[in-house]
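# Report on the structure
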Amino acid sequence: MHINKKLLTIDDAERVSLKEIKDLYKAYINPVYEDVFSTFAIGSELIERAEGLWLYTRSGKKVLDATGGQGVLNHGHNHPRILAARIRYQQQQRMEVHKTIFSPYLAALSANVAAMLPADLNYPFFCNSGAEAVDGAIKMAHKYHAGSRSQILYSDISYHGKLLGAGSITGSKELHYGFPKIPGTVAYEYGNIESIRRTVSALRKKDGSSDIYAIFLEPYSASTGRKCDGEFLKALREICDKDNIILVFDEVFTGWCKTGNLFYFMDYGVVPDILTTSKSIGGGKSSLSAFVARTPVLQKTFGNHHDFVLHSTTYNGFGEECATAIEALNIIADDDYVSQSRRAGAMISAQIAALQAKFPGLVREGVGQGTLFSIRLNIKTELVESALRLLPVTMVKQDRFVYQVILAGITDWMFSHYNVYTSFTPEGINFSPPVIVQPGEIECFFAALEGTLQAGLLATTTTFISNRFLKFLKR
Ligand SMILES: Cc1ncc(COP(=O)(O)O)c(C=O)c1O
């Protein structure tokens, strides 16, 4: 077979230099990725190995990964039991593919999910991304009413993913993209029950029946730190019950003990009709998600011979993904991740309070619980605005850009001076470590943040900007 170039092998991939990787990104992925990643100090490193919260770089650094992999890494990197489960699956040459042959792994994983969730949330459908789970849930809710209802409600503060369905009901301005929307999407105000009541009564048909097939909600919004209280969730459940509207909770990010309980909604005894989940169900290795339906919802939608494959995907319930997730859930139960997450949350809250006491004008608040925190700062942006003229003009025009550059400067300083890798959002600095985080690792993060704030925002921001400037000069 003739191919123009020699194909790269895994050996080649593991040996290529950083410069070569960057060239490959520019040529074959997207030159902008190369440009943006290279802006940050971590863009000068390659990761050789990862274990728990620690990254080991090719240059010999040991780096604390405080990101928690955006909710994927509750078990940390390469948890030994997760690795063993995958190796065992492969060594036994198990079967991955066929949907028409009974899978013991799919069966066991489905039973485990049902056992861990409350009430009759008994029927998971496994797919691979959070957005896919959301799209599946939208279809299921629509099917529940056999197409007789046309409206779906979503919150003005929400992120559900970037597929067309999930994107259609993503409300947060900075996360939303101008693509075609599914029909009949209506926004309500996050956490405001009156806003939902008004919308529900506005969307009645002539005969007085509801035209709404589903209401979507992130009970805890990971991207903003906003959360709904028990009173709100109970009132929402009542509204949905009254008009037979499917209530969908999206806990793709916050599930599997990220916010303390197994799922955030479980603190309040309110059960949705469908739950979407993903991220740490895969133990940090398997790309897995699910929408989980209550029994009557499954029965009325895909629970008949005519429609049981109305929703399917090629990679639904793949063997190794399911085997990995079975182990991931057993670890969560065996090692009591609920208690671990709550203990870590208490320690993190105490550290943030101590930081506030040290920097009373600067550290405004810590928002979060479990192992999902955002540290918000009071920042005087005029201090560094003039230095920002060094940056490309289109970027400067973005919303809250100055604030974000300052946060980027802080995280970049934490990496280059303290070997601590963390992320930020437009709201603040994230500390969202794995649930398995140890007290010493929490202390390590806060020592780095304290040292960085002590260096001063002018120093951290101008260093970040001038590194960027130097990069332009080197071109
Ligand atoms: C609450 C929520 N829903 C859906 C998604 C989309 O998941 P994915 O990126 O796997 O499509 C995310 C991703 O972070 C999320 O946080």
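Below is a short write-up of the structure. The structure displayed is predicted, hence computed values, not measured ones.

To continue, consider the packing of aromatic side chains. Under the criterion given, the structure shown has 14 aromatic pairs. Ring centres of Phe-249 and Phe-265 lie 5.7 Å apart, and the angle between their planes is 55 degrees; this geometry places the pair in the tilted category. Taken together, the positions of Phe-249 in strand β8 (residues 246-250) and Phe-265 in the loop between β8 and β9 (274-277) put the pair 16 residues apart, joining distant regions of the chain. Across the pair, exposure class does not vary: Phe-249 and Phe-265 are buried alike. Taken together, a centroid distance of 6.1 Å and an interplanar angle of 40 degrees make the contact between Phe-263 and Phe-265 tilted. The buried category is assigned to Phe-265, whose relative accessible area is 0%. An aromatic cluster of at least three residues, connected via ring pairs, comprises Phe-249, Trp-256, Phe-263 and Phe-265. The positively charged end of Lys-62 is found above the aromatic ring belonging to Trp-54, 4.5 Å away from the centroid. When the ring centre of Tyr-144 is taken as reference, the NZ or CZ atom of Lys-300 above it lies at 4.3 Å.

Right, let's get into the pattern of salt bridges. Using the criterion set out here, one finds 20 salt bridges in the structure. Taking the shortest distance from any N to any O, the salt bridge between Asp-267 and Arg-342 comes out at 3.7 Å. On the criterion of sequence distance, the pair formed by Asp-267 in the loop between β8 and β9 and Arg-342 in helix α12 (residues 337-358) is long-range, its members being 75 residues apart. Residue Arg-364 is joined to Glu-365 by a salt bridge in which the shortest nitrogen-to-oxygen separation is 3.4 Å. Judged by relative accessible area, which is 31%, Glu-365 ranks as partly exposed. A single salt-bridge network, built from bridges that share partners, covers Lys-6, Asp-12 and Arg-15.

With that settled, consider the site of the ligand. Taken together, Ser-129, Gly-130, Ala-131, Tyr-159, His-160, Gly-161, Glu-218, Asp-250, Val-252, Phe-253 and Lys-279 are the residues near the ligand. Here a nitrogen atom of the ligand sits 3.3 Å away from a polar atom, N or O, in the main chain of Tyr-159. Asp-250 places a side-chain nitrogen or oxygen 2.7 Å from a nitrogen atom of the ligand. In isolation the ligand exposes 390 Å². Once the protein is present, 80% of that is buried. Considering only residue class, the shell around the ligand consists of four nonpolar, four polar and three charged.

Now for the packing of helix α5 (residues 104-116) against helix α11 (residues 319-334). At their nearest, the axes of α5 and α11 sit 9 Å apart, and the two run at 35 degrees to each other. Note on packing geometry: the crossing formed by α5 with α11 is left-handed. Within the contact between the two elements, α5 uses Tyr-105, Leu-106, Ala-108, Leu-109, Asn-112, Val-113 and Met-116 and α11 uses Gly-319, Cys-322, Ala-323, Ala-325, Ile-326, Leu-329, Asn-330 and Ile-332. Within the contact of α5 with α11, the residues separate by chemical class into 12 nonpolar, three polar and no charged.

Glancing now at the sheet that holds strand β3 (residues 62-65). Read across the sheet, four strands follow the order β1-β2-β3-β13 without closing on themselves; strand pairing throughout is mixed. Edge positions in the sheet fall to β1 (47-51) and β13 (420-421), since each has one partner strand and no second. As defined by bridge partners, strand β2 (residues 54-57) adjoins β3 across three bridges and the pair is classed as antiparallel. Opposite Tyr-56, over in β3, you have Lys-62 as the bridge partner.

Conventions used here
- Residues numbered from 1 in each chain as written.
- Predicted model: local features only at pLDDT ≥ 70, side-chain atom pairs only at ≥ 80, totals over all residues.
- Heavy atoms only, no water.
- Phe/Tyr/Trp six-rings, centres within 6.5 Å; stacked < 30°, edge-to-face > 60°.
- Helix = DSSP H or I, 4+ residues; strand = E, 2+ residues; numbered from the N terminus.
- Buried < 20%, exposed > 50% of the residue type's maximum accessible area, 1.4 Å probe, protein only.
- Lys NZ or Arg CZ within 6 Å of the ring centre and 35° of its normal.
- Salt bridge = Lys/Arg side-chain N within 4 Å of Asp/Glu carboxyl O.
- Near = heavy atom within 4 Å.
- Polar contact = N/O pair within 3.5 Å; in protein donor to acceptor, adjacent residues only side chain to side chain.
- Areas by Shrake-Rupley, 256 points an atom, 1.4 Å probe, with all protein chains shown as cover.
- Nonpolar A, V, L, I, M, F, W, Y, C, P; charged D, E, K, R; others polar.
- Axes fitted to C-alpha atoms, helices over the stretch in contact; angles between N-to-C directions.
- Left-handed = near helix turned anticlockwise from the far one by under 90°.
- Contact = heavy atoms within 4.5 Å.
- Pairing = 2+ DSSP bridges.

Don't take any of this as a statement about function, it's just geometry.
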